[in-house]
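Report on the structure
Residues per chain, in single letters:
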Amino acid sequence: MREIAIVAFAQTPNRRRELYRNEAEMVAPVVAEVLNSVGLSRRDVDFTCSGSSDYLAGCPFSFVLALDALGAWPPIHESHVEGEAAWALYEAWVKMLCGEEVGVSLVYGFGRQSMGSPRDVMTLMNDPYLEAPLRPDAISLAALQARVLLDAGLCSERDFAEIAARNLRHAQSNPLAQLSGQPDPAELLQAPTIASPLRRHDCPPITDGACAVLLAAGDRARAICERPAWIRGLAHRIDPQALGRRDLTRCPSARLAAVAAGAIGGRVDVAELHAPFTPQDWILQRELDLPKGAVINPSGGIHQGNPMMGTGLVRFGEVAARIIRGEADRGVAHGTQGPCLQQNIVGVLEGE
Amino acid sequence: MKLDDQAEALRGEHVLQYPYRRATGPILGRFFTEIRDHGRFLGVKTESGKVLCPPADVDPDSLEDLSADDLVEVGPAGRVTSWTWLREPRPGNPLDRPFAWALIRLDGADSALLHAVDAGSEAAMRTGMRVVPRFRDERVGDIRDVVCFVPGD
Amino acid sequence: MSESQKKPVTYIKTPIALRYDYSVGAGSSIFLRAMREGRIVGSRCPDTGKVYVPPRLFSVETASPMSELVELPDQGVVYTYCIVNIKFYEQVLEVPYAYAYILLNGADLPIMHLIQECPIGEIRPGMRVAAVWKEPSEWTESMENIRYFKPTGEADMPIGTIMDGIRKKSHA
């Protein structure tokens, strides 16, 4: 089976609102940066795949406008995932496994969620007959999962605050971070709840941004990059959408994806978890069976920035970047979409 | 005026509206009809004997199609299996004062329904508490015919 | 109506409305701000020399940054057109009506606008048209400052040859 690696990663600085540029204008510099960083040009890319959601811009087919950023003439081989760009990574990886003609892939994700109300846009991804008409927002749904964890005595609100504090602490070494700091978990718990037991620090920030990775196969990867981050395994699984049919203390799809990707039981130097809400970080640690020495979210995780539809891809980029720089040998990256960790993708990346 | 001017981009309000009309199929059709006409809830009995409310069209274990013949009455009362207190309701919510979202397992069902509980205060909410539905006076046959649930048995 | 006369539920109505504070981005902001002054602007690609309207920050073909703004006249030639015969939800005009891709003189990318003051059957590729504007006092940051384009009566342009010329500029 062909060996595929991530050889480059770039992202925009995470900011609350992109005031100047539209999607294509945000994506173009990131694509240029990721290509320039390894001395490639657009002509070297055999396949392009992106992830985004038109609901963030409120404009059907808005993702097509972003193609202006690619210089797509002569016509390019391109695909798109309506959703998280981590699944665009999956599509590119499968494409490369299946065909020798794709030696280099470009995967990018982007979104300007600040223009709408993300809490209300996300409401519409719930069951259109039984749930969406009541307009349950994303924070409330995550809170229902948090409550089940507390009721089961599995963790406490203090545990959630410590997860936020850990992310913010790590974010201090991330020059692109939107949020960072050294908050005292006890102080974080003083804040009022938004949807109990969740507070501001338990929730993802609103971020506009774009990100991109380059994939390359076999010797091509070795020629482009001194220390490629090889994708040793990549898998995704999905749980039922309805919260009322799930045991919310568990995340079977994350576990199954991790097993299929070979993420369980091996060495893990770094793990980047796409946990939009802090209780979900706790659940993922359990399902992924992360060993004690693993550094979780060295980038700062969701608190460093949440460029929705790109956030999962950033997790893969952050693990890959650390391997490429020689700061880690083996890492696990995770992406999610759907309410309360409904769908999960897990990958194992390793240096040679 | 230059192309690389750093002026803030133009902004304007944009409203995306769609008048969706969704076919229910036979199972959800009966579910909503019972709510409209009798103020009653139905769940669907699966091959394994589990009762799902809200009902599903496909058996999640056997993956066989379920039918309206498999519908059985559940509730109307139920038990809260999880909840959250929302201090600031959002546009389109069932209530315009603080309320709880809850997962409610109606009596006789093995899965839970998502709805609002008008408990008055966060202190009144407890996992395991009993709740009963409050219906609209004039019903049309959708989930909003149930205004919310309230504490009680 | 008695219960036995009510029909079983077969569908539900679930309208949605989402509000956005939409930001058009840099290139379109420049275009619309110029429109407010009654000007049409585009940008020129440094590699191919092609003029894009509305302007973009990056060349659509070569991805090079573009910095040269170009003023364009409000006259051009029809590249292709469409006659709308079907009525649809929230339609503004009476059918049949026509809109066209119009290549403004000097531009290498057509803009889209309505064609009026012209019998539907006479609209054709190559037809020369000019903009009919609203009163300047009514101008805002909008394409609608131009009500529509109408034929100028001048001899047709050889649109096929013009498009061939544009294609040859492409950076292959």
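Residues numbered from 1 in each chain as written. Chains lettered and ligands numbered in written order. Predicted model: local features only at pLDDT ≥ 70, side-chain atom pairs only at ≥ 80, totals over all residues.

**Regarding the overall build of chain A**
To keep it simple, the criterion reads: By the criteria applied, helices consist of DSSP H or I runs no shorter than four residues and strands consist of E runs no shorter than two, each listed in order from the N terminus. C-alpha atoms define the radius of gyration, and 2.2 Å times the number of residues to the power 0.38 defines the globule rule. Burial is judged by counting other C-beta atoms within 10 Å of a residue's own C-beta: 20 or more means buried, 12 or fewer means exposed, and anything between counts as partly exposed, with every C-beta placed from the backbone. Residues are defined as contacting one another if the C-beta atoms placed from their backbone atoms lie within 7 Å.
Per the secondary structure count, chain A includes twelve helices and twelve strands. For a compact globule of 352 residues, the expected C-alpha radius of gyration is about 20 Å, and chain A comes in at 19 Å, within 12% of that figure. Dimensions of chain A along its principal axes, counting C-alpha atoms only, are 55 × 45 × 35 Å. In chain A, which comprises 352 residues, the proportion classed as buried is 61%. Sequence separation of at least 24 residues holds for 79% of the intrachain contacts in chain A that already meet a minimum separation of 6.

**What to know about the domain arrangement of chain A**
In plain terms, the rule: Each domain span listed reflects an automatic or database assignment of domains.
Domain parsing of chain A yields domain 1 (4-116 + 208-227) and domain 2 (118-205 + 230-350). Counting residues at the interface gives 35 residues for domain 1 of chain A, matched by 29 residues for domain 2 of chain A.

**Overview of the sheet that holds strand S9 (residues 270-272) of chain A**
Either a parallel or an antiparallel arrangement is found when strands of a sheet pair, and the pairing is made through backbone hydrogen bonds. All names here are of chain A. Under the convention used in this document: The rule for pairing is simple: two strands pair if DSSP sees at least two bridges between them. The axes are straight lines fitted to the C-alpha atoms, using for helices just the contacting stretch, and the angles between their N-to-C directions are given from 0 to 180°.
Here ten strands make up an open sheet; going across it, the order is S3-S2-S4-S7-S1-S8-S12-S11-S9-S10 and the pairing mixed. The sheet terminates laterally at strand S3 (78-82) and strand S10 (295-296), the two strands that pair on one side only. Bridge analysis of strand S8 (residues 229-238) against strand S12 (residues 343-350) gives eight bridges, and the strand direction is antiparallel. The residue bridging His236 from the neighbouring strand is Ile345, located in S12. Here helix H10 (residues 252-261) sits on the sheet in contact with S8 and S12, set at roughly 30° to S12. This element, helix H12 (residues 311-324), spans strand S1 (4-11), strand S2 (47-52), strand S4 (104-112), strand S7 (208-217), S8, S9, strand S11 (330-337) and S12 of the sheet and lies at about 170° to S11.

**Observations concerning the interface of chain B and chain C**
The condition that has to hold: In the scheme used here, Gly and all other residues not listed as nonpolar or charged are polar, with Ala, Val, Leu, Ile, Met, Phe, Trp, Tyr, Cys and Pro taken as nonpolar and Asp, Glu, Lys and Arg as charged.
Across the boundary between the two partners, chain B contributes 28 residues, which contact 33 residues of chain C. Contributions of two or more residues to the side of chain B that touches chain C are made by strand S1 (11-18), strand S2 (21-23) and helix H1 (25-38) of chain B. Element by element, the count of residues in the side of chain B that touches chain C is highest for S1 of chain B, at eight residues. For the side of chain B that touches chain C, the class distribution of residues is twelve nonpolar, seven polar and nine charged.

**Some remarks on the nonpolar core**
Inclusion rule: Nonpolar cores are identified as sets of buried Ala, Val, Leu, Ile, Met, Phe, Trp, Tyr and Cys residues joined via C-beta atoms within 7 Å.
Within the largest apolar cluster, 199 residues are counted, with the highest numbers of intra-cluster contacts made by Val31, Val107, Val213 and Leu215 of chain A together with Val117 of chain B. No fewer than three residues from each of domain 1 (4-116 + 208-227) and domain 2 (118-205 + 230-350) of chain A sit in this core. Sequence-distant contacts of Val31 of chain A, that is, excluding residues within four places in its chain, are made with Ala69, Leu70, Leu106, Tyr108 and Ala212 of chain A.

**Details of H12 of chain A**
An α-helical segment advances 3.6 residues per turn. Residues three or four places apart therefore align on the same side. Residues and elements named next belong to chain A. Applied cut-off: Take the residue count of a helix, subtract one, and multiply by 1.5 Å to get its expected span.
Taking 1.5 Å per residue as the helical rise, H12 with its 14 residues ought to reach 20 Å, and the 20 Å between its terminal C-alpha atoms agrees with that figure. The buried fraction of H12 is high, at 14 of 14 residues. Of the residues one or two after H12, Gly326 is the one with positive phi, at around 80°.

**Some remarks on the interface of chain B and chain A**
Residue-level contacts link 33 residues of chain B with 27 residues of chain A. Secondary structure elements with two or more residues in the side of chain B that touches chain A: S1, strand S6 (78-86), strand S7 (99-106) and strand S8 (113-117) of chain B. For the side of chain B that touches chain A, a count of residues per class yields 17 nonpolar, ten polar and six charged.

**Structural notes on the environment of Gly152 of chain B**
All names here are of chain B. One can find Gly152 in the segment after strand S10 (146-151). Between the alpha carbons of Gly152 and Trp85 there is a distance of 18 Å; along the sequence they are 67 residues apart. Ignoring anything within four residues of it in the chain, the contact list for Gly152 reads Arg130, Val131 and Val132.

**As for the environment of Lys6 of chain C**
Relative to the assigned elements, Lys6 of chain C resides in the segment before strand S1 (11-13). C-alpha separation for the pair Lys6 of chain C and Glu71 of chain C, spaced 65 residues apart in sequence, amounts to 65 Å.

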